[in-house]
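Structural overview for review
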Amino acid sequence: MTSTRLDGRRAVVTGGANGIGAGIARRLVALGAEVLILDVEEAEDCAPTLHVDLSDRAAVLQAAADARARLGGVDLLVSCAGIAYVAGLADLDLDRYDR
């Protein structure tokens, strides 16, 4: 399998502190990208983290500005943040679902 090098590219990974997002962040770093993670949790090892609640629009807009300033621009965005919410249809809480 051939991989394209990402040297000089600047990437933001939402939800990159763990799970699939963390795997993607590690791979981007391995390919040479400068990576910044946006998450409510601290990323363990591969890239610096900007702590942000991605359900808060104002916080997301501020984090986007902070990411651009910190990286000098953004070339790649991986939107991988999410939460697990398991409920039966009759028990669905729409406010929690919208989060």
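The structure this text deals with has already been given above.
Residues numbered from 1 in each chain as written. Predicted model: local features only at pLDDT ≥ 70, side-chain atom pairs only at ≥ 80, totals over all residues. Heavy atoms only, no water.

Structurally, T14 can be placed in strand β1 (residues 10–14). T14 gets classed as buried once you look at its relative accessible area, which sits at 9%. Leave out the neighbours within four places in its chain, and T14 touches L38, L54, L77, V78, S79, C80 and A81. (Helix = DSSP H or I, 4+ residues; strand = E, 2+ residues; numbered from the N terminus. Buried < 20%, exposed > 50% of the residue type's maximum accessible area, 1.4 Å probe, protein only. Contact = heavy atoms within 4.5 Å.)

Moving on: the sheet that holds strand β4 (residues 76–79). Read from one edge to the other, the open sheet built from four strands follows the order β3-β2-β1-β4, with strand pairing classed as parallel. In the strand order of this sheet, the two ends are held by β3 (49–51) and β4, each with one partner. Strand-to-strand twist in this sheet, taken as the mean axis angle between neighbours without regard to direction, amounts to 20 degrees. By the bridge criterion, three bridges tie strand β2 (residues 34–39) to β3 in an arrangement that is parallel. Looking across to β3, one finds that I37 is bridged to T49. (Pairing = 2+ DSSP bridges. Axes fitted to C-alpha atoms, helices over the stretch in contact; angles between N-to-C directions.)

We now examine helix α1 (residues 19–30). In this model α1 runs 17 Å from its N-terminal to its C-terminal C-alpha over twelve residues, within 8% of the 16 Å that 1.5 Å per residue would give. If you check which residues of α1 are buried, you get G21, A22, A25 and L28. The arc that holds the buried residues of α1, viewed along the axis, is 125 degrees, so those residues lie on one side. Of the exposed residues in α1, the ones pointing more than 90 degrees away from its buried face are G19 and I20. On its buried face, α1 is in contact with β1, β2 and β4. Directly after α1, the chain includes G32, whose backbone phi takes a positive value near 105 degrees. (Expected span 1.5 Å × (residues − 1). Arc of directions from axis to C-beta.)

Before going further, it helps to examine the nonpolar core. Grouped together as the largest cluster of nonpolar side chains are twelve residues: L6, A11, V13, A25, L28, L31, A33, V35, I37, A43, C46 and A47. Among the elements of the structure, β1, α1 and β2 are those that each provide at least two residues to this core. Residues contacting V13, with those up to four places away along its chain left out, are G21, A25, L28, V35, L36, I37, L38 and V78. In this structure, L38, L50, V52 and A67 belong to the second largest nonpolar core, which totals eight residues. (Core = buried A, V, L, I, M, F, W, Y, C linked by side-chain atoms within 4.5 Å.)

Going through the model one piece at a time under the given rule, you end up with two salt bridges. Taking the shortest distance from any N to any O, the salt bridge between D7 and R5 comes out at 2.8 Å. Residue R5 is classed as partly exposed on the basis of its relative accessible area, which comes to 47%. For D75, the salt bridge is made with R10, and the minimal N-O distance between the two is 3.0 Å. Of this pair, D75 sits in the loop between α2 (57–71) and β4 while R10 sits in strand β1; the two residues are 65 residues apart in sequence, bridging distant segments of the chain. The class for D75 is partly exposed, based on a relative accessible area of 33%. (Salt bridge = Lys/Arg side-chain N within 4 Å of Asp/Glu carboxyl O.)

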